[in-house]
Protein chains: 2
Amino acid sequence: MNRDVPLKKYAKKMEHSYTLGAFPTIELLKNQPEHVLKVLLHPDMNSQAQLDIISGLCREHHIPLETAGKTVEKLRDKENIFAIGVFEKYENTLEPEKNHIVLVNPGDMGNMGTIIRTSIGFGIENLAIIEPGADVFNPKVVRASMGSLFQLKFHYYKSFEEYAQTAGERKMYPFMLKGAVPLQELKRAPREVYSLIFGNEATGLPDDFSKIGQSVVIRHTDHIDSLNLALATGIGIYEFTR
Amino acid sequence: MNRDVPLKKYAKKMEHSYTLGAFPTIELLKNQPEHVLKVLLHPDMNSQAQLDIISGLCREHHIPLETAGKTVEKLRDKENIFAIGVFEKYENTLEPEKNHIVLVNPGDMGNMGTIIRTSIGFGIENLAIIEPGADVFNPKVVRASMGSLFQLKFHYYKSFEEYAQTAGERKMYPFMLKGAVPLQELKRAPREVYSLIFGNEATGLPDDFSKIGQSVVIRHTDHIDSLNLALATGIGIYEFTR
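Thresholds, definitions, all that
Residues numbered from 1 in each chain as written. Chains lettered and ligands numbered in written order. Predicted model: local features only at pLDDT ≥ 70, side-chain atom pairs only at ≥ 80, totals over all residues. Heavy atoms only, no water. Least-squares fit on C-alpha atoms with pLDDT ≥ 70 in both. Contact = heavy atoms within 4.5 Å. pLDDT = per-residue confidence, 0-100. Helix = DSSP H or I, 4+ residues; strand = E, 2+ residues; numbered from the N terminus. Expected span 1.5 Å × (residues − 1). Buried < 20%, exposed > 50% of the residue type's maximum accessible area, 1.4 Å probe, protein only. Pairing = 2+ DSSP bridges. Axes fitted to C-alpha atoms, helices over the stretch in contact; angles between N-to-C directions. Parallel < 35°, antiparallel > 145°, perpendicular 65-115°, else oblique. Left-handed = near helix turned anticlockwise from the far one by under 90°. Nonpolar A, V, L, I, M, F, W, Y, C, P; charged D, E, K, R; others polar. Right-handed = clockwise from strand over helix to strand, strands pointing away. Buried area = accessible area lost by both parts, 1.4 Å probe. Salt bridge = Lys/Arg side-chain N within 4 Å of Asp/Glu carboxyl O. Polar contact = N/O pair within 3.5 Å; in protein donor to acceptor, adjacent residues only side chain to side chain. Domains from an automatic or database assignment.

Enquirer: What's the story with the relation of the copies chain A and chain B in this structure? I'm lost.
Expert: Relating one copy of the chain to the other requires a rotation about an axis plus a shift along that axis. Overlaying chain A on chain B yields an RMSD of 0.0 Å, the required transformation being a rotation through 180 degrees with an accompanying axial translation of 0.0 Å. Such values leave the two copies arranged in the relation of a two-fold axis. A share of 100% of the interface residues of chain A reappears at the interface of chain B, consistent with the copies meeting face to face through the same patch.

Enquirer: For this particular structure, what's the right way to read the confidence of the model for chain A?
Expert: Any residue range with low pLDDT should be treated as having predicted coordinates unsuitable for detailed reading. Taken as a whole, chain A shows an average pLDDT of 97; of its residues, 100% reach a score of 70 or greater. As scored by the predictor, the complex reaches a pTM of 0.95 and an ipTM of 0.94.

Enquirer: What is the right way to read helix H4 (residues 109–121) of chain A from this model?
Expert: In an α-helix there are 3.6 residues to a turn, and that puts residues three or four apart on one side. The terminal C-alpha atoms of H4 of chain A, which comprises 13 residues, lie 18 Å apart, in line with the 18 Å expected from a rise of 1.5 Å per residue. Among the 13 residues of H4 of chain A, eleven are classified as buried, and the element is accordingly described as predominantly covered. Buried within H4 of chain A are the following residues: Asn-111, Met-112, Gly-113, Thr-114, Ile-115, Ile-116, Arg-117, Thr-118, Ser-119, Ile-120 and Gly-121 of chain A. In the core, the buried residues of H4 of chain A are packed alongside strand S5 (100–104), strand S6 (126–130), helix H5 (139–144) and helix H7 (229–241) of chain A together with helix H7 (229–241) of chain B. Immediately downstream of H4 of chain A, the backbone of Gly-123 of chain A shows phi near 85 degrees, a positive value.

Enquirer: Any chance you could explain the pairing of strand S10 (residues 194–198) of chain B here in plain terms?
Expert: The two faces of a sheet get side chains in turn, since along a regular strand they alternate between them. Residue and element names in this part refer to chain B. Across the five residues that make up S10, a large majority, five, are buried. Judged by which residues are buried, S10 turns out to be covered on both faces: Tyr-194, Leu-196 and Phe-198 on one side and Ser-195 and Ile-197 on the other are all buried. As defined by bridge partners, strand S5 (residues 100–104) adjoins S10 across four bridges and the pair is classed as parallel. Considered in S10, the bridge of Ile-101 is made with Leu-196. With four bridges connecting them, strand S8 (residues 171–174) and S10 associate as parallel partners. The residue of S10 that forms the bridge with Lys-171 is Tyr-194.

Enquirer: Hey, could you run me through the packing of helix H1 (residues 22–31) of chain B against helix H2 (residues 48–60) of chain B in this one?
Expert: Helix packing geometry: the angle between the two helix axes and the distance between the axes. All names here are of chain B. Interhelical geometry of H1 versus H2 gives an angle of 25 degrees and a closest axis separation of 10 Å. One way to sum up the angle between H1 and H2 is to call them roughly parallel. In terms of crossing hand, the pair formed by H1 and H2 is left-handed. Within the contact between the two elements, H1 uses Ala-22, Phe-23, Thr-25, Ile-26, Leu-29 and Lys-30 and H2 uses Gln-50, Ile-53, Ile-54, Leu-57 and Cys-58. Split by residue class, the contact of H1 with H2 holds eight nonpolar, two polar and one charged.

Enquirer: Could you clarify how one ought to interpret the pairing of strand S7 (residues 153–157) of chain A in this entry?
Expert: Residues and elements named next belong to chain A. Here five bridges tie S6 to S7, and the two strands are oriented parallel to one another. Along S7, the bridge assignment pairs Asn-126 with Lys-153. In this view, the connection linking S6 to its parallel neighbour S7 by way of H5 has right-handed handedness.

Enquirer: Honestly, the sheet that holds strand S1 (residues 16–20) of chain B in this entry has me stumped. Any pointers?
Expert: To summarise the sheet geometry, strands pair through backbone hydrogen bonds and adopt either a parallel or an antiparallel arrangement. All names here are of chain B. Strand order in the open sheet formed by four strands is S1-S4-S2-S3, with mixed pairing between adjacent strands. Whereas interior strands pair on both sides, the edge strands pair on one side only; in this sheet they are S1 and strand S3 (65–67). Pairs of neighbouring strands in the sheet enclose a mean axial angle of 25 degrees, with direction left out of account. Of the strands in this sheet, S1, strand S2 (36–41) and strand S4 (83–88) touch H1, which is tilted by about 35 degrees from S4.

Enquirer: For this particular structure, what's the right way to read the interface of chain A and chain B?
Expert: Accessible area lost on assembly of the parts is the figure often given for the size of an interface. Taken together, the contact between chain A and chain B spans 30 residues of the former and 30 residues of the latter. On the chain A side of the interface with chain B, the three residues burying the most area are Arg-117, Leu-231 and Tyr-238 of chain A, jointly 24% of the side's total. For the pair chain A and chain B, the interface holds two salt bridges. As a salt-bridge pair, Arg-242 of chain A and Glu-239 of chain B come within 2.6 Å of each other at their nearest N and O atoms. Connecting chain A to chain B are 16 residue pairs in polar contact (both at pLDDT 80 or more). Listed by contribution, the elements that provide at least two residues to the side of chain A that touches chain B are H4 and H7 of chain A. In terms of residue count, H7 of chain A provides more of the side of chain A that touches chain B than any other element does, six residues in total.

Enquirer: Any chance you could explain the sheet that holds strand S7 (residues 153–157) of chain B here in plain terms?
Expert: All names here are of chain B. Taken in spatial order, the five strands make up an open sheet running S7-S6-S5-S10-S8, and their pairing is parallel. Each edge of the open sheet carries a strand with a single partner, namely S7 and S8. Along the sheet, successive strands turn relative to each other by an average axial angle of 20 degrees, direction set aside.

Enquirer: What should I look at first to understand the domain arrangement of chain A in this one?
Expert: Residues and elements named next belong to chain A. The domain architecture assigned to chain A consists of domain 1 (16–88) and domain 2 (100–241). Between the C-alpha centres of domain 1 and domain 2 the distance comes to 31 Å. Facing the 14 residues of domain 1 at the interface are eight residues of domain 2. Summed over both partners, the interface of domain 1 with domain 2 comes to about 990 Å²; 61% of that surface belongs to carbon and sulfur atoms. Counting the contacts that link domain 1 with domain 2 gives one salt bridge. With its nearest N and O atoms 2.7 Å apart, the salt bridge here joins Arg-143 to Asp-77. Linking domain 1 with domain 2 are three residue pairs in polar contact (both at pLDDT 80 or more). Listing elements by their share of the side of domain 1 that touches domain 2, those giving two or more residues are strand S1 (16–20) and helix H1 (22–31).

Enquirer: Help me out: how do you make sense of the pattern of salt bridges in this one?
Expert: All names here are of chain A. Inspection of the entire model under this criterion finds 18 salt bridges over all chains. Residues Arg-219 and Glu-185 are paired through a salt bridge, measuring 2.6 Å at the closest nitrogen-oxygen approach. Here Arg-219 is found in the loop between strand S11 (216–217) and H7, whereas its partner Glu-185 is found in the loop between strand S9 (181–182) and strand S10 (194–198), with 34 residues between them in sequence. Owing to a relative accessible area of 43%, Glu-185 belongs among the partly exposed residues under this scheme.

Have a look at this one:
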């Protein structure tokens, strides 16, 4: 493990990324310690409680903890960030026997992080991303996820077909404005394994997803065009896991 | 009506605000035409369909439509904005016989706009904001609401007590991490009038809200600390209106 990676501002092509702030850094250290290269601290770090947790976890996992004020100032995007985790990117395999969220071409990093946070919050821990799609390791996604990204199993697929071939037997539920059944009225078999499928923020799912599994619409008034993607996903997850 | 207000970048103390972009400008013109001072266009506006709708609505309501490229460039925050509505701020009275959302000290403008969009989408059209709280007329709130703000009745209150005294007879449901009943198991009386009450992003509702009405918790795993505020509100609204 080469811990001396160049500490430049994050770019998608880099093989490492950052947690900006103590909260996501602690989540990183708790859940993915084997991928942490080092932790950087700013001398102005003022929460002794967070510092104790970070230094304890670094000691336990033999992770270097360095005071590096200038580097923290270079990498952070907000002035109140005093701890940064540096970690190597990793890949997961999805669990074929578990429920999945599938995001087809997600574009917004804040939405993606919020969806991960909600998904972990309701116990769905596998996420398939159909390319092109936002970069889960972008620090903005990590932050919006509140660090719950590090509890997630995720995998990128070139196409929905590639995903479907490897996903294992399951019921597919594409969420579409033209979905056949309102979520509010959906009847489901007990203990079925499912995938909840959501499209891009601006364009939704392509029409041909209506032929896949059981298409679902979240019925709402005609006073709005559509729900926000993170909201629609959150409501779908809530209903399926209630 | 003085239409010649100084066209400076938005600040909370101003008596007018802006819709940045064609989509929220159309929603403004459709729903609050009596408050529109003028509409500004950039010469690069390229959607003839949106231009036709905007100019038709301006003609119908005798609203000046001006080409003002430099002013649009000064007021906008994204380069792809070519239409800006200028409107005077207004106040509403809440409808005491209708269901309400109550936000206690909301801080994030994106969350507030998303909450308004979801609320309008599920037919709850009254919003009480307990001060201090984010400014509904900030263009960021307007944008995140996708213009649905202009279908909303909202009112600011100095305290929750002031709200409760004027809200009419209704059941109060404070949403709290320590809520007494999980949302997933809540039993409600048919046709009751209700208020769904949510706290600040970082701090939630103060503990003493547990004595008000029926406190509710959205049960989730202990793998996350809490849900995002807009997600929690959206899930609450979905469940109460399903």
